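Observations on the three-dimensional arrangement
Chain by chain, the residues run as shown.
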Amino acid sequence: MAGDDERWRERQRHAVRAHAEADARERAAEQAEAAELVARFAAEASRRGLRVTRLAATGHDGRGRYRTRLTGWYVDRAHSRAVDTEGRFYLLTVPPGLRSRLLGAEPRPSAPPLVVGRGGRDGESVPLAALLSRRLDAGDDWP
């Protein structure tokens, strides 16, 4: 009986490990696909001559705007997501603070999601490809 319990536990551990590995592979594949979409967006925006903007970040608390050294294109109307001229994706929220206020914020690139807003409280989500396509179609008339 003790041997059966141990075999069962070992099968459970193996199943959990296999599930976690499959999930990690799927996440990595999605991130690679999304990164490719972002890189193609930056190349196409440059090719079309879309005006680049000096990007600003917002504090995590939703208050305050902070300068950054980044240039690129906002890809959502809230100006909380952007792609820089190098083809990297950014979530433009930073910890608020005096240092960022005086010297500017330094947001780090983020792994882009294939579906923007998935799991958000407002329930609105949009495929990354559609978001980037809309931004390209808007050209310099983006709000």
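Structure: above.
Calculation notes
Residues numbered from 1 in each chain as written. Predicted model: local features only at pLDDT ≥ 70, side-chain atom pairs only at ≥ 80, totals over all residues. Heavy atoms only, no water. Phe/Tyr/Trp six-rings, centres within 6.5 Å; stacked < 30°, edge-to-face > 60°. Helix = DSSP H or I, 4+ residues; strand = E, 2+ residues; numbered from the N terminus. Buried < 20%, exposed > 50% of the residue type's maximum accessible area, 1.4 Å probe, protein only. Salt bridge = Lys/Arg side-chain N within 4 Å of Asp/Glu carboxyl O. Expected span 1.5 Å × (residues − 1). Core = buried A, V, L, I, M, F, W, Y, C linked by side-chain atoms within 4.5 Å. Patch = residues over 30% accessible without salt bridge, like charges linked within 9 Å, V, L, I, M, F, W, Y side chains within 5 Å. Areas by Shrake-Rupley, 256 points an atom, 1.4 Å probe, with all protein chains shown as cover. Contact = heavy atoms within 4.5 Å.

Notes on the packing of aromatic side chains
- Considering all chains together, one arrives at one aromatic pair under this definition.
- Here the aromatic rings of Phe41 and Trp73 are separated by 5.8 Å at their centres, their planes lie at 90°, and the arrangement is edge-to-face. One end of the pair, Phe41, is in helix H1 (residues 2-48); the other, Trp73, is in strand E2 (residues 65-74), with 32 residues separating them in the sequence.
- Residue class for Phe41 comes out buried when judged on its relative accessible area of 2%.
- Residue Trp73 is classed as buried on the basis of its relative accessible area of 1%.

Here's the deal with the pattern of salt bridges
- In the structure shown here, the tally under the stated rule is 14 salt bridges.
- A salt bridge links Glu106 to Arg108; the nearest nitrogen and oxygen atoms lie 3.9 Å apart.
- On the basis of relative accessible area, Glu106 is assigned to the partly exposed category, the value being 44%.
- Its relative accessible area of 59% is what places Arg108 among the exposed residues.
- Among the charged side chains, a salt-bridge network with shared partners connects Glu6, Arg9, Glu10, Arg13 and Arg17.

Some points on H1
- Between its terminal C-alpha atoms H1 stretches 69 Å, which fits the 69 Å expected from 47 residues at 1.5 Å a residue.
- Among the residues of H1, those classed as buried are Ala34, Leu37, Val38, Phe41, Ala42 and Ala45.
- Gly49 sits one or two residues past H1 and shows a positive phi near 75°.

A word on the nonpolar core
- Judged by nonpolar contacts, the single largest core of 18 residues is most densely connected at Phe41, Val83, Leu128 and Leu132.
- Only H1 and helix H3 (128-138) provide two or more residues apiece to this core.
- Residue contributions to this core peak at six residues, all from H1.
- Of all hydrophobic cores here, the second largest spans 12 residues; its members include Leu70, Tyr74, Ala82 and Trp142.

Overview of a nonpolar patch on the surface
- A surface patch of nonpolar side chains, about 350 Å² in accessible area, is lined by Leu98, Leu102 and Leu103.
- Relative to the helices and strands, Leu98 is located in helix H2 (residues 98-103).

Details of the environment of Gln31
- Looking at the secondary structure, you find Gln31 in helix H1.
- On the accessibility criterion, Gln31 (39% relative accessible area) is partly exposed.
- Between the C-alpha atom of Gln31 and that of Ala111, which follows or precedes it by 80 residues, the distance is 6.3 Å.
- Ignoring anything within four residues of it in the chain, the contact list for Gln31 reads Ala111 and Pro112.

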